[in-house]
Amino acid sequence: MRIWIGLVILAQLTMGGYSAAKGEGPVFKTAEAKHFNAAEGVELTPAFYDYFYAELRNELKKSKLVNDVIGEGEAVDDADAAKSVIINGTVTEYKKGSAVKNALIGFGAGMRSLKVDADVQRRSDKQTLCAMQVHVKVAPNWNEKTMAKFAAQQIVKDMKKELGSQKK
Amino acid sequence: MRITGKLAGNLALAAAVLGIHAGAMADEPKPKPENIINVHLTEAVASQKFERAPKFWISDVTDRSGNPQPMLVLKSRGGIFLDREPTAIVRESLEESLKSANLLAGDANSANLVVRVYLFHFGLAETSGLDFFGKVEFSAIVKNPKTGETAEVKAVGTSIAKGAARKKNAQKNVQEDLEESLKDAMRNFLRGQQLKDAVAVLWKAGDGAANPEAKQQ
C-alpha cells in the first residue's frame, strides 16, 4: 500500500514538473517588432512611435513568449524563420481629449484615446497568426506616451492569450 | 544730468540681466566624479556571418545630433554626465565588436570596406515619465575604397529602464539603460539585413585582390 501511495505521489510530481516546464517555455524563437504606421488623420509625433516601438520590445522581452526579441531589419537564419514572428500595425485613431469635458462631465468624457490595430505574422510564409485591436484611454492631462506603454502591454497580453497555447 | 540718469538706468538694467543670467548658470549641472557614468559594451556583440568576410575600417564617427551638450545625459537631479564623447563610445564599441568577429582591418589601407558613421542620437529620449528611455541611433556610410561605391546602413538601439526615486538608483538605471541601448544598436547594425545587402553589393568577387588574406584563401 505504501509503495502504491509513493508511486502515485511520484507520478503527480513528475506530471506537475512537466506541465510547469511546458507552460513556461517560449513559443517562438525570435520576434521582430516594427515601427507602427499612422492612419490618415492621426497626429502623433515621431517620438511617440519610437517610444511605442521600444515599449513593445520591452514588453515582449518581459513576457517570455519569445527566446530573442530582435531589432527592426535584423537578419534571421532560414532555419529559424518558421518559428519567428513579425509584429506590425497601425495607429488607427488618436483623440487628444478635453480637460474641460473631463472635469465638467466626467464618466469617461473627454478622455485621451488611442486605437491600434496590430497583427502577428509568421516570418517564413507571412501568414497572420493573430490580429488584435487595442483601445486605450487615459486622463487628458496624462502624457500621450503613457498610452503607448499601456497599448504595448495590452498587445503583448493579447498575444499571450492567443498564441500562448501554441507550443514548440 | 538727463544723460547720466539714462546711463544709470541702463547700467542697472544690465546688472539685473547679468544677475539673472548668473543665477541661471548656477542652476546648470556640472560634471563631478559622483555624477559621471562610464558607458561601454559589457561584451562584444557577435556579428552575422558573411559568405566572404570583408575587413572593415571605421574611418570617422561624426556627431550629427545637434546637441550642444552631448555628454550631459540627464539635466535634472544634479545632472548625469558621460565620461567620454558619445562618438568615442560608439567608435570603441564598433571596433571592439568587429575585432571580436575578426572583421576589423589593421589599418585603413588594408581595409576592404571603409565605414563612416553619423551619430544622430545617443542618450535618453522623451518618455512617459514613468521610466527611462535610452536610444542610440546612427547611420553608417559603407564605402569600397577601390570602386568608390557606397551604401547606407541605418541602426537603432532602444532600451527601457525603470524609473527611480533616489539619485543613486537613477544613475545606475540610466547607465544600464544606455549600455543596453548601445548593445542593441550595435547588434542592429552588425546583424542587420542592410549591412548584409551592402556587403553583397560592395564587396564583389573581383575585390579579393584588395585583401591579402582573402587572396591566400
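Below, the structure is looked at part by part. (Residues numbered from 1 in each chain as written. Chains lettered and ligands numbered in written order. Predicted model: local features only at pLDDT ≥ 70, side-chain atom pairs only at ≥ 80, totals over all residues. Heavy atoms only, no water.)

Once that is clear, we can look at the side chain of aspartate 50 of chain A. You can see aspartate 50 of chain A is positioned in helix H2 (residues 46-63). Residues within four places of aspartate 50 of chain A in sequence aside, it is in contact with His35 of chain A together with Phe133 and Lys135 of chain B. (Helix = DSSP H or I, 4+ residues; strand = E, 2+ residues; numbered from the N terminus. Contact = heavy atoms within 4.5 Å.)

Turning to unusual backbone geometry, a few remarks are in order. Residues other than glycine seldom take positive phi values, yet phenylalanine 107 of chain A does so here, at roughly 50°. Here phenylalanine 107 of chain A shows up in the loop between helix H3 (99-104) and strand E5 (112-122).

Now for the sheet that holds strand E4 (residues 80-82) of chain B. Residues and elements named next belong to chain B. A sheet is described by the order of its strands in space; here 3 strands give the open sequence E1-E4-E3, paired in mixed fashion. Strands with a single pairing partner mark the edges of an open sheet, and in this sheet they are strand E1 (36-37) and strand E3 (72-74). With 2 bridges connecting them, E3 and E4 associate as antiparallel partners. Paired with leucine 72 across the two strands is phenylalanine 81, which belongs to E4. (Pairing = 2+ DSSP bridges.)

A word on the interface of chain A and chain B. Across the contact, 21 residues belong to chain A and 17 residues belong to chain B. Area buried by chain A at its contact with chain B is led by Tyr51, Glu74 and Ala75 of chain A, which between them contribute 30% of it. There are 6 salt bridges connecting chain A and chain B. Applying the counting rule to chain A against chain B returns 14 residue pairs in polar contact (both at pLDDT 80 or more). Put simply, the parts of the chain that give the side of chain A that touches chain B at least two residues each are H2, strand E3 (66-70) and helix H4 (144-163) of chain A. Here the side of chain A that touches chain B is composed, by residue class, of 7 nonpolar, 5 polar and 9 charged. (Buried area = accessible area lost by both parts, 1.4 Å probe. Salt bridge = Lys/Arg side-chain N within 4 Å of Asp/Glu carboxyl O. Polar contact = N/O pair within 3.5 Å; in protein donor to acceptor, adjacent residues only side chain to side chain. Nonpolar A, V, L, I, M, F, W, Y, C, P; charged D, E, K, R; others polar.)

On to the packing of helix H2 (residues 86-100) of chain B against helix H3 (residues 167-190) of chain B. All names here are of chain B. Remark: H2 packs on H3, axes separated minimally by 11 Å, with the N-to-C direction vectors making an angle of 50°. As summarised for this structure, H2 and H3 are arranged oblique, according to the angle between their axes. Between H2 and H3 the crossing geometry is right-handed. Contacts from Ile89, Val90, Ser93, Leu94, Ser97 and Leu98 in H2 reach Leu182, Met186, Phe189 and Leu190 in H3. Residues that form the contact of H2 with H3 fall into these classes: 8 nonpolar, 2 polar and no charged. (Axes fitted to C-alpha atoms, helices over the stretch in contact; angles between N-to-C directions. Parallel < 35°, antiparallel > 145°, perpendicular 65-115°, else oblique. Left-handed = near helix turned anticlockwise from the far one by under 90°.)

Under the criterion given, the structure shown has 7 aromatic pairs over all chains. Consider the rings of phenylalanine 48 of chain A and phenylalanine 52 of chain A, whose centres lie 6.3 Å apart with planes at 15°: the pair is stacked. Taken together, the residues phenylalanine 48 of chain A and phenylalanine 52 of chain A, both in helix H2 and 4 residues apart, mark about one turn of the helix. Phenylalanine 48 of chain A sits in the buried class, given a relative accessible area of 0%. For phenylalanine 52 of chain A, a relative accessible area of 2% puts it in the buried group. Centre to centre, the rings of tyrosine 51 of chain A and phenylalanine 133 of chain B are 5.4 Å apart; their planes meet at 65°, and the pair counts as edge-to-face. Taken together, the residues tyrosine 51 of chain A in helix H2 and phenylalanine 133 of chain B in strand E6 (residues 131-143) connect one chain to another. (Phe/Tyr/Trp six-rings, centres within 6.5 Å; stacked < 30°, edge-to-face > 60°. Buried < 20%, exposed > 50% of the residue type's maximum accessible area, 1.4 Å probe, protein only.)

Just geometry here; none of it tells us what the structure is for.
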